[in-house]
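If you want the building blocks of each chain, they are given just below.
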Amino acid sequence: MRIQNLLIVSLLALLSCQSETKPSPASYSVPASVEPYIQSFRSAAQQRNRAVSTDRLIVEFGDPQGEDVCGRCLLEAGQPPHIVLSTDAYCWEQASDNEKEGLVFHELGHCLLGRLHRNDHFANRAYVSLMNPDNMGVYATCRYPIGDDDCDKRPRRTYYLDELFDPATPKPSWAD
Ligand SMILES: [Zn+2]
């Protein structure tokens, strides 16, 4: 009898959990140092008429364990999109604004835009996409500009953001 009651209570608990309008397992949670890049992602999406919700996004610093060196997007059914960024100083503290943005946008590309890695290059050897698995500083200015003629990449940001939201974006003029 007691076991039966227990089963019924468990079953009811289970049913009530499932029938409720399911609250997100966790709500929006983003470290203050990452927030500006989420905001610029939102405005980049708006500028391109892409409706992308960041409502349930979770970002935290920790050990990304594989995939990309400095970050990882964890996507599990029923769970909010979850990004882990490396605490390695090379990945964040020592990185420039554009490098940080590139890293966050790359992971958002996986987590919110459903993008996979893209490895191809243009004729000038630049990566076609921010979604390449090796270099998220594709539009970052160089840390050591002297002697590096490939350094001023700022004009490239618009292209890489266009391509992030639309992989069919035409080749830019600087690609040859
Ligand atoms: Zn990646």
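Owing to the predicted nature of the structure, the values given are computational and were not obtained by experimental measurement. (Residues numbered from 1 in each chain as written. Predicted model: local features only at pLDDT ≥ 70, side-chain atom pairs only at ≥ 80, totals over all residues. Heavy atoms only, no water.)

Examining the packing of aromatic side chains
Short version of the rule: Working definition: rings of Phe, Tyr and Trp (its six-membered ring) pair if their centres are within 6.5 Å, and the pair is stacked with planes under 30 degrees apart, edge-to-face with planes over 60 apart, and tilted otherwise. Type-normalised accessible area, obtained with a 1.4 Å probe on protein chains alone, sets the label of each residue: buried when under 20%, exposed when over 50%, and partly exposed for intermediate values. Every helix listed is a DSSP run of H or I at least four residues long, and every strand listed is a run of E at least two residues long, numbered separately from the N terminus. Counting as a charge over the ring demands two things of the Lys NZ or Arg CZ atom: a distance within 6 Å of the ring centre and an angle within 35 degrees of the ring normal.
For the structure shown, the criterion picks out 10 aromatic pairs. Where Y159 meets Y160, the ring centres are 5.0 Å apart and the plane angle is 70 degrees; that geometry is what we call edge-to-face. Summarising the burial analysis for this pair, Y159 and Y160 share the class buried. Plain terms: the ring middles of Y160 and W174 are 5.8 Å apart, the flat faces sit at 40 degrees to each other, and that makes the pair tilted. One end of the pair, Y160, is in helix α4 (residues 156-165); the other, W174, is in the segment after α4, and 14 residues separate them in sequence. Members of the aromatic cluster, connected to one another through ring pairs, are F122, Y139, Y159, Y160 and W174. A cation over a ring is seen here: R156 above W174, with NZ or CZ 4.2 Å from the ring centre.

Focus on the nonpolar core
Our working rule: Joining through side-chain atoms within 4.5 Å is the link that ties buried Ala, Val, Leu, Ile, Met, Phe, Trp, Tyr and Cys residues into a set, and such a set is a nonpolar core. Residues count as neighbours in contact if any of their non-hydrogen atoms are within 4.5 Å of one another.
Counting residues in each nonpolar core, the largest one holds 38 residues, and the members touching the most others are F41, V104, F105 and L108. Those residues within four positions of F41 in sequence are excluded, and the remaining contacts are V52, F105, L108, L112, L113, L164 and F165.

Considerations on the packing of helix α2 (residues 35-47) against α4
Operational definition: Axes, fitted as lines to C-alpha atoms, cover a helix only where it is in contact. Angles between the N-to-C directions of the axes lie from 0 to 180 degrees. Roughly parallel means an angle under 35 degrees; roughly antiparallel, over 145; roughly perpendicular, 65 to 115; everything else is oblique. In the scheme used here, Gly and all other residues not listed as nonpolar or charged are polar, with Ala, Val, Leu, Ile, Met, Phe, Trp, Tyr, Cys and Pro taken as nonpolar and Asp, Glu, Lys and Arg as charged.
Look at α2 against α4: their axes get within 10 Å of each other, and the N-to-C directions meet at 75 degrees. Our classification of the angle between α2 and α4 gives roughly perpendicular. Where α2 abuts α4, its residues F41, A44 and A45 lie against L161, L164 and F165. Each residue belonging to the contact of α2 with α4 can be placed in one class, and the counts come to six nonpolar, no polar and no charged.

Remarks on α4
For an α-helix the count is 3.6 residues per turn, leaving residues at separations of three or four pointing the same way. Of all 10 residues making up α4, seven are buried, and the element is well covered by its neighbours. Three or more residues of α4 are buried, namely R156, Y159, Y160, L161, E163, L164 and F165. Buried residues along α4 sit in contact with α2 and α3 (97-111).

What to know about the confidence of the model for the chain
So the rule is basically this: As a per-residue measure, pLDDT reflects the predictor's confidence and takes values from 0 up to 100.
Of the residues in the chain, 77% have a pLDDT of 70 or more, and the chain-wide mean is 84. Across residues 11-20, confidence stays below pLDDT 50; counting only partners more than four residues off in sequence or on other chains, it has zero contacts.

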